[in-house]
Amino acid sequence: MDLGAIADNWRTIAALAAPAECAAVVKANAYGLGIDRVAPVLWRAGARNFFVAHFKEAVALRALLPEAIIYVLNGLLPDCAADYAAANLRPVLGSAPEISDWSDYCRDNGTKLPAAIHVDTGMHRLGLSLEEAVQLSGTFRLLGFTPSLIMSHLACADTPGHVLTARQRMVFADVVRRFPGIPGSLANSAGTLLGRDFRFELVRPGIFLYGGIAINGVPPLRPVVRLEVKVVQVSTAPAGETVGYGAAQRLKRPSRLATVSIGYADGLFRAGGSTDATKGVEAILHGQRCHLVGRVSMDLATLDITDLPDGVVQRGDTAVFLGDGISVDDLAARSGTIGYEVLTSLGARYARQYVGG
């Protein structure tokens, strides 16, 4: 894990987003990379606003960053207001009951604590309806708490030209106008790249920090993750034989094979295997890309090394699944998924090494 790359990526996004402030999304254990190592690096780089999904994530982050502003995206569950207040956390309130609970808690305790208000502008996942937001805008100054942010989330910003993206921006601009004096936040990683009109006062990059693609067709920033695994056996098999569970791929030539110590328990998706009809995930051995042969199993996968010189691959050699030109999105594409899922699925069995930061 290259912590220096994460810091550089944040600084690049922050410079692009200015004068809007640049937050950092560190939910899901900093996208699987380790919040305990990533969050302090982002703080030192200049990030002051952080977003997580769950209360427990926020508590862990608070222990790491006592002075940070921490928003909890998944909102406020019943009877939890005191816990959020005790940890100095800001819930993202997306329903009338949540707003009522936080407001009542603040009134009962004589303190106007901050919180974000989430408005649904077309994703239909979390947030107040537009009708609820308009109604609230007429009375928000009477709330028992201090709204510190009006926010929404883009559904299709990673797809250039999608009609919903422009519509959401227009709707959100109207909503923010109804809450004068409260900063607005609409842009995720992709939204930040769409221009000044999408950035409002605060942007919330996630995947772009971690070396993933934010918008289809726009290159990522510095790569962050390198994934290396060991060859545990080198073998040969004649043409016509099959490899792995289900006999999903039959060898078309006499082949040399390298079995490597990685499987779906480690986050190498089963869908990334090869069949007679499709080539799956690639890895690099001795500078050359080699395809998987057959299915990925729980702990093992097999690479076709036939095109490498005979005898060059040995037990104990290293195969690179991320790095040396293979990005998280390359691996994701071969597995029928997205870079987000690749990062957040990296297994606990890897020996993680951090550099930079």
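One structure accompanies this document, and this report is about it.

Calculation notes
Here the residue index of a chain counts from 1 through its sequence in written order. Reporting of local features is limited, given that this is a predicted model, to residues whose pLDDT is at least 70; pairs of side-chain atoms are given and counted only at 80 or more, and all residues count toward the totals for whole chains, interfaces and linings. Calculation of side-chain values draws on the structure's entire complement of heavy atoms; hydrogens and water are dropped beforehand. The helix count covers DSSP runs of H or I at least four residues long, the strand count covers runs of E at least two residues long, and both are numbered beginning at the N terminus. Residue burial is assigned from relative accessible area. The probe radius is 1.4 Å, only protein chains are included, and a residue is buried under 20% of its type maximum, exposed over 50%, and partly exposed in between. We call two residues contacting when some pair of their heavy atoms lies within 4.5 Å. Using only the protein atoms, space was sampled on a 1 Å grid; points where a 1.4 Å probe fits but cannot get out form cavities, open sets with protein on both sides within 12 Å along at least five of seven lines form pockets, and lining residues are those with an atom within 4 Å of a point. Grid points are joined across faces, edges and corners, and a volume is the space filled by probe spheres set on the points. Note that Gly is not counted as nonpolar here; it falls among the polar residues with everything else outside the nonpolar set of Ala, Val, Leu, Ile, Met, Phe, Trp, Tyr, Cys and Pro and the charged set of Asp, Glu, Lys and Arg. Working definition: a ring pair exists when centres of Phe, Tyr or Trp rings (six-membered ring for Trp) sit within 6.5 Å. Plane angles under 30 degrees give stacked, over 60 give edge-to-face, the rest tilted. Only lysine NZ and arginine CZ atoms are considered, and such an atom sits over a ring when it is within 6 Å of the ring centre and within 35 degrees of the ring normal.

With the exception of glycine, most residues fall at negative phi, and the peptide bonds are largely trans. Here the bond from Ala18 into Pro19 is cis, since omega is 10°, no more than 30 degrees from zero. With respect to the helices and strands, the residue Pro19 is situated in the loop between helix 1 (3-17) and strand 1 (21-22). Non-glycine residue Ala28 carries a positive phi angle of around 55°. On the secondary structure map, Ala28 appears in helix 2 (residues 27-31). For Asp79, which is not a glycine, the phi torsion comes out positive at approximately 60°. Inspection of the secondary structure assignment puts Asp79 in the loop between strand 4 (69-72) and helix 5 (81-86). Among the residues examined, Asp79 registers a relative accessible area of 80% and is labelled exposed.

A large share of helix 3 (residues 35-45) lies buried, amounting to eight of its 11 residues. Along helix 3, the residues classified as buried are Ile35, Val38, Ala39, Pro40, Val41, Leu42, Trp43 and Ala45. Those residues of helix 3 hidden inside the fold are in contact with helix 1, strand 2 (24-25), helix 2, strand 3 (49-52) and helix 4 (55-64). Phi turns positive, to about 130°, at Gly46, one or two residues after helix 3.

On to the environment of Arg295, then. Within the secondary structure layout, Arg295 lies in the loop between strand 13 (288-291) and strand 14 (301-304). Accessibility expressed as a relative area gives 34% for Arg295, which makes it partly exposed. Sequence separation of Arg295 and Gly263 is 32 residues, and the distance between their C-alpha atoms is 9.6 Å. Once residues lying within four places of it in the same chain are set aside, the contact partners of Arg295 are Val243, Tyr245, Gly246, Ala248, Arg270, Gly273 and Ser274.

Here the focus is empty space enclosed by the protein. Overall, the coordinates contain two cavities of 30 Å³ or more when judged by the stated rule. As a volume, the largest cavity reaches approximately 50 Å³. Among the residues forming the lining of the largest cavity, the class breakdown is three nonpolar, four polar and two charged. Roughly 30 Å³ of internal volume is contained in the second largest cavity. If you trace the second largest cavity, you find it lined by Leu227, Ile262, Gly267, Leu268, Leu331, Val342, Leu346 and Tyr350. Considered class by class, the residues forming the lining of the second largest cavity number seven nonpolar, one polar and no charged.

As a further point, take the packing of aromatic side chains. A full pass over the atoms with the stated rule returns seven aromatic pairs. Ring centres 5.0 Å apart and planes at 40° place the aromatic pair Phe55 and Tyr84 in the tilted group. Of this pair, Phe55 sits in helix 4 while Tyr84 sits in helix 5, and the two are 29 residues apart along the sequence. Among the residues examined, Phe55 registers a relative accessible area of 27% and is labelled partly exposed. Among the aromatic residues, those joined into a ring-pair cluster are Tyr31, Tyr210 and Tyr340. Across the ring face of Trp43, the terminal group of Arg48 is positioned such that the distance to the ring centre comes to 3.7 Å. Over the ring of Phe51 we find Arg204, and its NZ or CZ is 5.9 Å from the ring centre.

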